[in-house]
Amino acid sequence: MKRLFLLFAFVLCFLVPAVQAEEIIISAGSGPLDSVIYPVKDAFEKASGIKLNILFGSASLAFKQLYKGVSEVGLAGSSYGEVLEIMKKEGFEVKDPASFQHVTIGRGMIRTVVNKDNPVSRLSGEQLKGIFTGRITNWKDVGGNDSPIIVVLSYLNPATIGAFKKIILDNEPYASEVLELGHMDELRGAVEANVEAIAFGTSAVLSNGVKQVETPEVFRPITLI
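Parameters and conventions
Residues numbered from 1 in each chain as written. Predicted model: local features only at pLDDT ≥ 70, side-chain atom pairs only at ≥ 80, totals over all residues. Heavy atoms only, no water. Axes fitted to C-alpha atoms, helices over the stretch in contact; angles between N-to-C directions. Helix = DSSP H or I, 4+ residues; strand = E, 2+ residues; numbered from the N terminus. Parallel < 35°, antiparallel > 145°, perpendicular 65-115°, else oblique. Contact = heavy atoms within 4.5 Å. Nonpolar A, V, L, I, M, F, W, Y, C, P; charged D, E, K, R; others polar. Salt bridge = Lys/Arg side-chain N within 4 Å of Asp/Glu carboxyl O. Buried < 20%, exposed > 50% of the residue type's maximum accessible area, 1.4 Å probe, protein only. Pairing = 2+ DSSP bridges. Core = buried A, V, L, I, M, F, W, Y, C linked by side-chain atoms within 4.5 Å.

Peer 1: Provide a residue-level description of the packing of helix H3 (residues 59-67) against helix H4 (residues 80-89), including the pertinent values.
Peer 2: At their nearest, the axes of H3 and H4 sit 10 Å apart, and the two run at 90 degrees to each other. Classified by the interaxial angle, the pair formed by H3 and H4 is roughly perpendicular. On H4, the residues touching Ser-60, Phe-63 and Lys-64 of H3 are Tyr-80, Val-83, Leu-84, Ile-86 and Met-87. Grouping the amino acids of the contact of H3 with H4 by side-chain chemistry returns six nonpolar, one polar and one charged.

What follows is the structure, given as structure tokens:
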């Protein structure tokens, strides 16, 4: 924790001219918030006297807010190059990408969760890939009950979706039949309410009503821009 605090404080003070101000406005997705900001926020504010004003959103929204001057710092759960790729896919023109300073300050874990009453506790990489591409549609095929699998996804989190797709799905498309929801708390709620459901996300998807499944580790970089 101390190492994370010192790294965050050093990078923020080195890159952001606004450190002379009383607050710094930060745009960030749920992954960077859970992995970097929330663990050090109170200590940083107490030590520096600078308030961190957080604007919550996806990686793409965080960069758009930074680009438009709404915030002074953007945090994304992906590399800077991947952020630019997301912007391009969304039709958002970044006129001078080189004008933004960026540094990787950590990494965030993507967790896979099922309902607490689901007997499945472990999934291999191939099983995960089969489930989220739609090739495996029944829990009995991975050691669970004879019931259909409900895949829950959030396309409001492009960095998380993109990292999981790249690492687990080998960039194959997601299943066509999914339950599409919004923020991580909505994914968590869907898994809590449905014993057949499965989802992935940041630590915000964890609760007493879900069970984290043992899977191959899935990490993505946390980038400060």
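Peer 1: Give a detailed account of the pattern of salt bridges, specifying residues and quantitative values.
Peer 2: Applying the stated criterion across every chain yields a total of eight salt bridges. With a shortest N-O distance of 3.1 Å, Glu-172 and Lys-129 are connected by a salt bridge. A residue pair is termed long-range when its members are at least 10 positions apart, and Glu-172 in the loop between helix H6 (158-167) and strand S7 (179-181) and Lys-129 in helix H5 (residues 125-133) qualify at 43 residues. Taking relative accessible area as the criterion, Glu-172 reaches 26% and is therefore assigned partly exposed. One salt-bridge network, held together by shared partners, links Lys-129, Arg-135, Asp-170 and Glu-172.

Peer 1: Please provide a residue-by-residue account of the environment of His-102, values included.
Peer 2: Position of His-102 among the secondary structure elements: in the loop between H4 and strand S4 (103-109). As for His-102 and Pro-173, which are separated by 71 residues in sequence, their C-alpha atoms are 29 Å apart. Filtering out sequence-adjacent residues up to four positions away, His-102 remains in contact with Tyr-80, Thr-223, Leu-224 and Ile-225.

Peer 1: Give me the environment of Ile-37: which residues, what numbers.
Peer 2: Within the secondary structure layout, Ile-37 lies in helix H2 (residues 30-48). Between the C-alpha atoms of Ile-37 and Ile-26, which are eleven residues apart in sequence, the distance is 9.5 Å.

Peer 1: So what about the pairing of strand S10 (residues 219-224)? Which residues, and what values?
Peer 2: Sheet topology note: the strand S3 (residues 73-76)/S10 ladder contains two bridges and is antiparallel. By the bridge assignment for S10, Leu-75 is matched with Leu-224. As paired elements, S4 and S10 share six bridges and run antiparallel to each other. Within S10, the residue paired with Met-109 across the bridge is Phe-219.

Peer 1: Go over the sheet that holds strand S5 (residues 111-115), please, and point to the residues and values.
Peer 2: In spatial order, the strands read S7-S6-S8-S5-S9; together these five strands make up an open sheet with mixed pairing. What marks the edges here is a single partner per strand, and that holds for S7 and strand S9 (210-212). Sheet twist, expressed as the average angle between the axes of neighbouring strands with direction ignored, equals 30 degrees. Relative to S9, S5 is paired through three bridges, and the arrangement is antiparallel. Counterpart to Val-114 in the pairing with S9 is Lys-211. Packing of H6 onto the sheet brings it into contact with S5, strand S6 (150-154) and strand S8 (197-201), and relative to S8 it is tilted by some 105 degrees. In the packing of helix H7 (residues 184-193) onto the sheet, contacts are made with S5, S6, S7, S8 and S9, and the angle to S8 comes to roughly 155 degrees.

Peer 1: Tell me what's going on with the environment of Ile-150, and back it up with residues and numbers.
Peer 2: Relative to the assigned elements, Ile-150 resides in strand S6. Distance from Ile-150 to Asn-194, taken between C-alpha atoms, is 8.3 Å for residues 44 residues apart in sequence. In this structure, Ile-150 is in contact with Leu-179, Asn-194, Glu-196, Ala-197 and Ile-198, ignoring residues within four places of it in sequence.

Peer 1: How would you sum up the nonpolar core? Please name residues and give values.
Peer 2: Judged by nonpolar contacts, the single largest core of 23 residues is most densely connected at Ile-131, Phe-132, Phe-164 and Ile-198. Counting only elements with at least two residues in this core, the list comes to H5, S6, H6 and S8. Leaving out residues up to four positions away in the same chain, Phe-164 has contacts with Ile-110, Thr-112, Leu-128, Phe-132, Leu-169, Tyr-174 and Phe-200. In terms of nonpolar packing, the next biggest core, distinct from the first, is built from 14 residues, Ile-26, Leu-33, Ile-222 and Leu-224 among them.

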